[in-house]
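Descriptive analysis of the structure
Here are the chains, one letter per residue:
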Amino acid sequence: MWQLKDRGLIVASDDKDKSKKPGGKRQEGIEVLERQKTDTPKLFRVILHNDDYTTQEFVTYVLQAFFRKDNTEARQIMLKAHMTGKAIVAVYTRDVAESKVQQVMDYARKNESPLLMTVEPET
Ligand code: TYC
């Protein structure tokens, strides 16, 4: 198990922790820093899917409002989906990607749009 300590150190606190002497307290410092690991989180793409009903303006607005795209990039992503069927909007951790998609789909349904976004793992 990994724990975040006060000064931002990541220290191991599992049984295999060699810096922990038998019966004694775990030692921290240089020894611990050498053991520092960066567990890179898995990343997930938010995919925008084309449909025949949502207006180009609505899609462009959604990309700006929910994904902080400027108008030019939002239009490029929208047009890619419009012309090819789908486009990658952004890449996030799973929680953020799923939450963004949920928010957009809620907003789209309230506005009577069938706009579809999905989440897929990065390869
Ligand atoms: N195809 C839609 C239209 O012509 C526009 C559109 C673009 C809809 C991209 C969805 O993801 C989309 N009105």
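Residues numbered from 1 in each chain as written. Predicted model: local features only at pLDDT ≥ 70, side-chain atom pairs only at ≥ 80, totals over all residues. Heavy atoms only, no water.

Right, let's get into unusual backbone geometry. For R68, which is not a glycine, the phi torsion comes out positive at approximately 55°. Counting through the fold element by element, R68 comes out in the loop between α2 (56-67) and α3 (71-84). Residue classification places R68 among the exposed residues on the basis of a relative accessible area of 78%. Look at E112: it is not a glycine, yet its phi comes out positive at around 55°. (Helix = DSSP H or I, 4+ residues; strand = E, 2+ residues; numbered from the N terminus. Buried < 20%, exposed > 50% of the residue type's maximum accessible area, 1.4 Å probe, protein only.)

α3 packs onto α2 with a crossing angle of 125° between their chain directions and a minimal axis gap of 8 Å. Comparing the axis directions of α2 and α3 gives the class oblique. Relative to α3, the crossing made by α2 is right-handed. Of the residues in α3, those in contact with Q56, V59, T60, L63 and Q64 of α2 are N71, A74, R75, I77, M78, L79 and H82. (Axes fitted to C-alpha atoms, helices over the stretch in contact; angles between N-to-C directions. Parallel < 35°, antiparallel > 145°, perpendicular 65-115°, else oblique. Left-handed = near helix turned anticlockwise from the far one by under 90°. Contact = heavy atoms within 4.5 Å.)

Where charged atoms from two side chains of opposite charge approach closely, those side chains can pair. Applying the stated rule across the entire model yields 4 salt bridges. For the salt bridge of E73 with K69, the shortest nitrogen-to-oxygen distance reads 3.6 Å. A salt bridge links E98 to R94; the shortest N-O distance between them is 3.5 Å. Within this pair, E98 and its partner R94 are both found in helix α4 (residues 94-110), separated by 4 residues, close to a single helical turn. By relative accessible area, which is 39% here, E98 ends up partly exposed. Overall, R94 belongs to the partly exposed group, its relative accessible area being 43%. (Salt bridge = Lys/Arg side-chain N within 4 Å of Asp/Glu carboxyl O.)

In this section: the site of the ligand. Every residue close to the ligand is listed here: L48, H49, N50, D51, T54, Q56, V59, M78, A81, H82 and L115. The separation between a nitrogen atom of the ligand and a polar side-chain atom of N50 is 2.8 Å. A distance of 2.8 Å separates a nitrogen atom of the ligand from a polar atom in the backbone of D51. Protein contact buries 87% of the 350 Å² of open area that the ligand shows by itself. No other element matches α3, which puts 3 residues into the shell around the ligand. (Near = heavy atom within 4 Å. Polar contact = N/O pair within 3.5 Å; in protein donor to acceptor, adjacent residues only side chain to side chain. Areas by Shrake-Rupley, 256 points an atom, 1.4 Å probe, with all protein chains shown as cover.)

This part covers the sheet that holds strand β3 (residues 44-49). Pairing is antiparallel across the open sheet formed by 3 strands, whose spatial order is β4-β3-β5. Where the open sheet ends on each side, the last strands, each with one partner, are β4 (86-92) and β5 (116-121). Taken pair by pair, the neighbouring strands of this sheet meet at an average axis angle of 30°, ignoring direction. In the packing of α3 onto the sheet, contacts are made with β3 and β4, and the angle to β4 comes to roughly 135°. (Pairing = 2+ DSSP bridges.)

The next subject is the nonpolar core. Grouped together as the largest cluster of nonpolar side chains are 24 residues, with contacts concentrated most on V46, L48, L63, F67, V89, L115 and M117. Residue assignment for this core shows that the elements contributing at least two residues are β3, α2, α3, β4 and α4. Per element, the largest residue contribution to this core is 6 residues, and it comes from α2. Here F67 is in contact with V46, V62, V89, A90, Y92, K100, V104 and M117, once residues within four sequence places are set aside. (Core = buried A, V, L, I, M, F, W, Y, C linked by side-chain atoms within 4.5 Å.)

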